[in-house]
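Okay, here's what each chain looks like letter by letter:
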Amino acid sequence: MRVFISHASKNREIVLKFAKFLEIASNDIEVFCSSEEGSIKIGKNFVETIFSELNNSDLFVPILSKEYYESKFCMIELGVAYSYLYNRYNKNGEDYIFPFVFYPIQKGQALSGTPLANIQTGVISDEKDIHSFLEYLSADKGVDIGAGINRKLHSFIFDVDQIFLKYQNIVEMAKVGAYFDDSVEFKHREDIASTSITENMIVVNYNMNPYERRDIKYPNFISMVLQYVDKLDICRYLDFNNEAKFKFVVINFTNSLKRIFIEFKYSDSNRILETFEFSVDYGVNKLSIPLERMRSKALRNISEICFVIHPDDVVEEEGMFKVGEIEIR
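Let me sum up the structure you'll find in this document.

Conventions adopted
- Counting starts from 1 at the beginning of each chain's written sequence and moves along it residue by residue.
- Local features in this predicted model are restricted to residues of pLDDT 70 or higher, and side-chain atom pairs are both shown and tallied only at a pLDDT of 80 or more, whereas totals for entire chains, interfaces and linings draw on every residue.
- Side-chain metrics rest on all non-hydrogen atoms present in the structure, leaving aside hydrogens and water.
- Interaxial angles span 0 to 180 degrees and are taken between N-to-C directions of axes, which are lines fitted to C-alpha atoms, for helices over the stretch in contact.
- Segments assigned H or I by DSSP are reported as helices when at least four residues long, segments assigned E as strands when at least two residues long, and all are numbered from the N terminus.
- Just so you know how the angles are binned, under 35 degrees is roughly parallel, over 145 roughly antiparallel, 65 to 115 roughly perpendicular, and the rest oblique.
- For any pair of crossing helices, the crossing counts as left-handed if the nearer helix is rotated counterclockwise from the farther one by less than a right angle, and right-handed if it is rotated clockwise.
- Contacts were defined at the residue level, with two residues in contact if any of their heavy atoms lie within 4.5 Å.
- Nonpolar residues are Ala, Val, Leu, Ile, Met, Phe, Trp, Tyr, Cys and Pro. Charged residues are Asp, Glu, Lys and Arg, and all others, Gly as well, are polar.
- Burial classification: accessible surface area is computed with a 1.4 Å probe over protein chains only, and a residue below 20% of its type maximum counts as buried, one above 50% as exposed, and the rest as partly exposed.
- The term polar contact refers here to a pair of N or O atoms within 3.5 Å; inside protein, the definition further demands a hydrogen-donor-capable atom paired with an acceptor-capable atom, and it admits residues adjacent in sequence only when both atoms are side-chain atoms.
- If DSSP finds at least two bridges between two strands, the strands pair.
- Within this scheme, the nonpolar core is defined by two criteria: the residues are buried Ala, Val, Leu, Ile, Met, Phe, Trp, Tyr or Cys, and they are joined through side-chain atoms within 4.5 Å.

**Digging into the packing of helix α1 (residues 12-25) against helix α5 (residues 127-141)**
And then number 1: One can describe the packing of α1 onto α5 by two numbers: an axis separation of 12 Å at closest approach and a directional angle of 45°. Relative to α5, the element α1 is oriented oblique. In the packing of α1 onto α5, the handedness of the crossing is right-handed. Together, Phe18, Phe21, Leu22 and Ala25 of α1 and Ile130, Phe133 and Leu134 of α5 make up the contact between the two elements.
And then number 2: Taken together, the residues of the contact of α1 with α5 sort by class into seven nonpolar, no polar and no charged.

Structure, rendered in structure tokens:
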């Protein structure tokens, strides 16, 4: 059985692991993956080779990621595969495409609004989904799955998780915004707090008294928030490293801050898991939080990471600070 794996070049490392796993899972499986060395012979036309392989494949497995959707060639490849394999297999009621997704792409929305919306989709880092795929290959395609598959699968998932966490950018995955106590009066939200991103830093501008009134009620808090609609699993880092830390830099060049609080929230109700307080000096402040200090099942369901200031934490009513180099290592 010949399996064509379609992927974005930026996902090459994980895709090669997946191709190797499938081939060691069964001697019946032969994988075509353009990232494999020698898959496209020197001097051969790349596009012609891809289309020829599509025509000769029994199953098309697109690895859907943010980078996949950004690649025009990948999207063309997906459309061509749908057309080629639909005509060959659909009339006999056979499956011909089995997509997998990378986080933050969710399998429920991966192909919504397309002719492929009803096709079963798996998560490439989910052991149950990989098992389901192998069972499908065995039951529907007659593929003989070799012995020791559970051990091989555990090893594959372990490798994928390590690669994924190495490249995961928790800022790019987040919706970034500024929030404050809505009980205060304001004409425009950005008069009190706003964010912008420049040179990989999140710039936070705040003004406790934007209209320069004498009798003013300050906001109880102003917060720069990293919001995770699909939730962030931070506990995965602890699975590999008990000393993993949440690291970040606060730049206080305007000497606006005396203190900052970091809140970790979880679940759809945004319940506070832990709050950490840091004194902030003038200039660059390199700060970190050991994840072990808040080890909990809730770490697998993080909804927000908030950088919070209060009226007592600032030097003047109006100011600016930057937050950057946010990572977990």
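Now, onward.
**Description of the side chain of arginine 2**
And then number 1: Here arginine 2 lies in strand β1 (residues 2-6).
And then number 2: A relative accessible area of 17% means that arginine 2 is categorised as buried.
And then number 3: In terms of polar contacts, arginine 2 uses its side chain to reach the side chain of glutamate 30, at 2.7 Å.
And then number 4: Filtering out sequence-adjacent residues up to four positions away, arginine 2 remains in contact with Glu30, Phe32, Glu53, Asn56, Ser57, Asp58 and Leu59.

**Some words on the sheet that holds strand β7 (residues 193-198)**
And then number 1: The strand order β7-β8-β15-β10-β13 describes an open sheet built from five strands, whose pairing is antiparallel. Two strands close off the open sheet at either side, each with one partner strand: β7 and β13 (283-290). Neighbour to neighbour, the strand axes of the sheet diverge by 25° on average, direction disregarded.

**A closer look at the nonpolar core**
Side chains that are nonpolar tend, in soluble globular proteins, to be buried together.
And then number 1: The biggest cluster of nonpolar side chains holds 83 residues, and the ones touching the most others in it are Phe18, Phe246, Phe264, Ile305 and Phe307.
And then number 2: Ranked by the residues each element gives to this core, the list is headed by helix α6 (residues 149-167), at eight residues.
And then number 3: Those residues in contact with phenylalanine 307 that lie beyond four places of it in its chain are Ile222, Ser223, Met224, Leu226, Phe246, Phe248, Ile260, Phe261, Ile262, Val323 and Ile326.
And then number 4: If you look at the next biggest cluster of nonpolar residues, it comprises 22 residues, including Ile50, Leu54, Leu78 and Val101.

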